[in-house]
Protein chains: 2
Amino acid sequence: MNRQVVLVSRPTGVAQADNFAIRESNDPVPGDGQILVHNRFLSVEPAMRGWIADVGNYTAPVGIGEVMRSLAVGRIVASRHPNYAVGEHVAGWFGWQEFAAVDSDAIVRRVTETDLPLSLALGVLGINGVTAHLALTLIGEPKPGDTVLVSTAAGSVGSAVGQIATILGARAVGIAGGADKVRQCVEDFGYAAAIDYKAPELGHAIDAACPNGVDVYFDNTAGVISDTVYPRLTIGARVVICGTASIPAWDPWPTGPRIERHLLVKRARAQGFVIFDHNDRYDASVAQLAAWVREGRLRYAEDVLDGIEACPDALAGLYRGENRGKRVIELR
Amino acid sequence: MNRQVVLVSRPTGVAQADNFAIRESNDPVPGDGQILVHNRFLSVEPAMRGWIADVGNYTAPVGIGEVMRSLAVGRIVASRHPNYAVGEHVAGWFGWQEFAAVDSDAIVRRVTETDLPLSLALGVLGINGVTAHLALTLIGEPKPGDTVLVSTAAGSVGSAVGQIATILGARAVGIAGGADKVRQCVEDFGYAAAIDYKAPELGHAIDAACPNGVDVYFDNTAGVISDTVYPRLTIGARVVICGTASIPAWDPWPTGPRIERHLLVKRARAQGFVIFDHNDRYDASVAQLAAWVREGRLRYAEDVLDGIEACPDALAGLYRGENRGKRVIELR
């Protein structure tokens, strides 16, 4: 039997446990050209909220009754595709389920870093790390000495952004929620300074941590944090828009202080980044990230939940801020 | 005697006639290294509102009692600078006054297009044309077949943007206020289509004029027009933020629908442009624009006011939308 987590109702904000159900079905059988993957780790991403939402999406939303869309990493247990062999490990769009029979275009990549933990293919060596690396370098373009300010700085993307900025010679400053995450930013991820966005006077805290202003703002949150950062951009600053985690819903569409004047006066640039546009750079990025991990220059934190039963509440928990690293679900 | 227009009080919104006064003073005498310019045309720019404002500025505001900052073009009538000779025409920061004694760094450029009207040095061959050309090409990066949507499309910047977009093979669509300017967009400036932003259902009108969405949005207005355009950007769209003409004041700072999600979902880029960053490209741009003017491919409209007495109300009139082309003031 194959256990699957399906969407049973559409939430207006973040999906809660009761928007999902666990269903049993027969083991899938790979068709011609397909492979059968036995998932070892399932991913939990903030972006899943967008994959479920009806509004403001960049992909068709997950349908009611469908298996929750997700990245996963597992072992090939049957193959009817000439380029993939039983026993290989692959990461891809296998969904929140134990077994997936998929076409080869569902595979993001073959996992070749066999000296490193398999779960990293969903985190620092997966879309989180590659997003951090490519969005920071292609849009943020940090120069040595720049101040790079990162929101959700202890998260799976943010923690990599801060460390890569430091590797590239910039000064990384993190914004995170709560004293624990602020400490984790500085002690584990090497941020030069970190700020608790829940503290009063966020603007003053940013001024103190970024006395020369913000050259690169890596934005995972939008909302009040961004509203406080925009007036502090330097001339020619770059804003990487990577997520909008602080906005609970886009229907009705929320308002905020207009940013056009900041962009004009500072001759600044704000640009959105979605990893799916950058398949051609993916392998090279993973190779670079893996090298930094092996050298001990790129650290990561994981938050491993146990068993498929943990799926339904896993996304809501992410938005409750309860994880301390990349959240994955390990299947037995 | 030298007549000068000075700022006598600071407006909260757009400066009105009574924020200025005309003052007489002695003819200025050029010091060592200076030139004395007899102004022939004074410029009136939407951006002057920002040069006067206390808030949201990119330069120090004009002081109370100071001559209004402005570009002007005139003839050198005395020179104590070795590189400038009496009789040459120059454009530069000479202010709203009849005579200006200035250092050479106030000169933007020597006017060499003596076959074309002198006033063009303040319009299509001045910062308006150069802004249109450089902002469109450096930030907008229109490709053949792209849809380029321009706000204040009949204005001195916008009219050049539309025509340059067309020259570069894109499809230009204009947004302007009122039937006259809409007609001017299509008949005089070659827009493929033009839209009256005062008409009901602006969104439907944009949909009809841009059936494939907006690849480049050249934004001179911000405000409701921009709020209507952002949801219609295509994947990978570019927004050139060149002005915020529709926002009467930035204190208190106005709010609007958040644009982060549009930028993220569309992987779009919004970037501010200020001409003063691009001195190194100025001469080459003017040479290109002059060539297009001579070939009849780049048309312009001028709105010439008569005499320095027209200055105090000239900016307010611009914001009332009464001009039908680049507004300049001709001195006798």
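Everything below is about the structure printed above this text.
A quick note: this is a predicted structure, and the numbers were derived from the prediction, not measured. (Residues numbered from 1 in each chain as written. Chains lettered and ligands numbered in written order. Predicted model: local features only at pLDDT ≥ 70, side-chain atom pairs only at ≥ 80, totals over all residues. Heavy atoms only, no water.)

K.L.:
How do you make sense of helix 9 (residues 311-319) of chain A when you look at a structure like this?
P.N.:
One turn of the α-helix equals 3.6 residues, which is why residues spaced by three or four share an orientation. Residue and element names in this part refer to chain A. Judged by how many residues are buried, helix 9 sits mostly within the fold: seven of nine residues are covered. Looking at the packing, one finds that the buried side of helix 9 touches strand 1 (2-7), strand 2 (20-25), strand 3 (34-43), helix 1 (48-52), strand 15 (302-306) and strand 16 (326-330). Looking one or two residues past helix 9, Gly321 carries a phi angle of roughly 80°, positive in sign. (Buried < 20%, exposed > 50% of the residue type's maximum accessible area, 1.4 Å probe, protein only. Helix = DSSP H or I, 4+ residues; strand = E, 2+ residues; numbered from the N terminus. Contact = heavy atoms within 4.5 Å.)

K.L.:
Would you take a moment to explain the packing of aromatic side chains for this structure?
P.N.:
Residues and elements named next belong to chain A. Going through the model one piece at a time under the given rule, you end up with 10 aromatic pairs over all chains. The interplanar angle of 55° and the centroid separation of 5.5 Å between the aromatic rings of Phe20 and Trp96 together place this pair among those described as tilted. Taken as a pair, Phe20 in strand 2 and Trp96 in the loop between strand 5 (89-92) and strand 6 (99-103) lie far apart in primary sequence, 76 residues in all. Given a relative accessible area of 6%, Phe20 falls into the buried group. Their ring planes at 55° and their centres at 4.8 Å tell us that Trp250 and Trp253 sit as a pair that is tilted. A residue is classified by how much of its surface remains accessible, and Trp250, at 8% relative accessible area, is buried. Of the residues examined, Trp253 reaches a relative accessible area of 27% and is grouped as partly exposed. Each residue in the set Trp51, Trp93 and Phe276 is aromatic and connected to the rest through ring pairs, giving one cluster. (Phe/Tyr/Trp six-rings, centres within 6.5 Å; stacked < 30°, edge-to-face > 60°.)

K.L.:
Explanation requested: the relation of the copies chain A and chain B in the structure shown.
P.N.:
The relation between the two copies of this chain is a rotation about an axis and a shift parallel to it. Between chain A and chain B, the superposition needs a rotation of 180° and an axial shift of 0.0 Å, giving an RMSD of 0.0 Å. Taken together, these values place the two copies in the relation of a two-fold axis. Of all interface residues in chain A, 100% are interface residues in chain B too; the two copies therefore contact each other through one and the same surface. (Least-squares fit on C-alpha atoms with pLDDT ≥ 70 in both.)

K.L.:
Would you mind going over the nonpolar core with me for this structure?
P.N.:
The tendency in soluble globular proteins is for nonpolar side chains to be buried as a group. Residue and element names in this part refer to chain B. Membership of the largest hydrophobic core comes to 49 residues, with the highest contact counts inside it found for Val73, Leu125, Leu136 and Phe218. Sort the elements by how many residues they give to this core and helix 2 (residues 127-140) lands first, with seven residues. When residues are assigned to domains, this core turns out to be shared by domain 1 (2-123 + 301-330) and domain 2 (127-275), each giving three or more. Beyond its immediate stretch of four places on either side in the chain, Leu125 contacts Glu113, Leu116, Leu120, Val286, Leu289, Ala290 and Val293. (Core = buried A, V, L, I, M, F, W, Y, C linked by side-chain atoms within 4.5 Å. Domains from an automatic or database assignment.)

K.L.:
Whenever I open this one, the interface of chain A and chain B confuses me. Can you help?
P.N.:
Note on interface size: it is often stated as the accessible area lost on association of the parts. If you look at the interface, chain A gives 38 residues, while chain B gives 38 residues. A buried area of about 3400 Å², summed over both sides, lies between chain A and chain B, and 60% of it is on carbon and sulfur atoms. Ionic pairing is found between Arg267(B) and Asp277(A), a salt bridge with its closest N-O pair at 2.7 Å. Inspection of the region where chain A meets chain B yields 14 residue pairs in polar contact (both at pLDDT 80 or more). Put simply, the parts of the chain that give the side of chain A that touches chain B at least two residues each are helix 6 (223-229), strand 13 (255-257), helix 7 (260-265) and strand 14 (269-272) of chain A. One ladder, built from three bridges, connects strand 14 of chain A with strand 14 (residues 269-272) of chain B; its direction is antiparallel. Within the sheet, the bridge partner assigned to Ala270(A) lies in strand 14 of chain B and is Ala270(B). (Buried area = accessible area lost by both parts, 1.4 Å probe. Salt bridge = Lys/Arg side-chain N within 4 Å of Asp/Glu carboxyl O. Polar contact = N/O pair within 3.5 Å; in protein donor to acceptor, adjacent residues only side chain to side chain. Pairing = 2+ DSSP bridges.)

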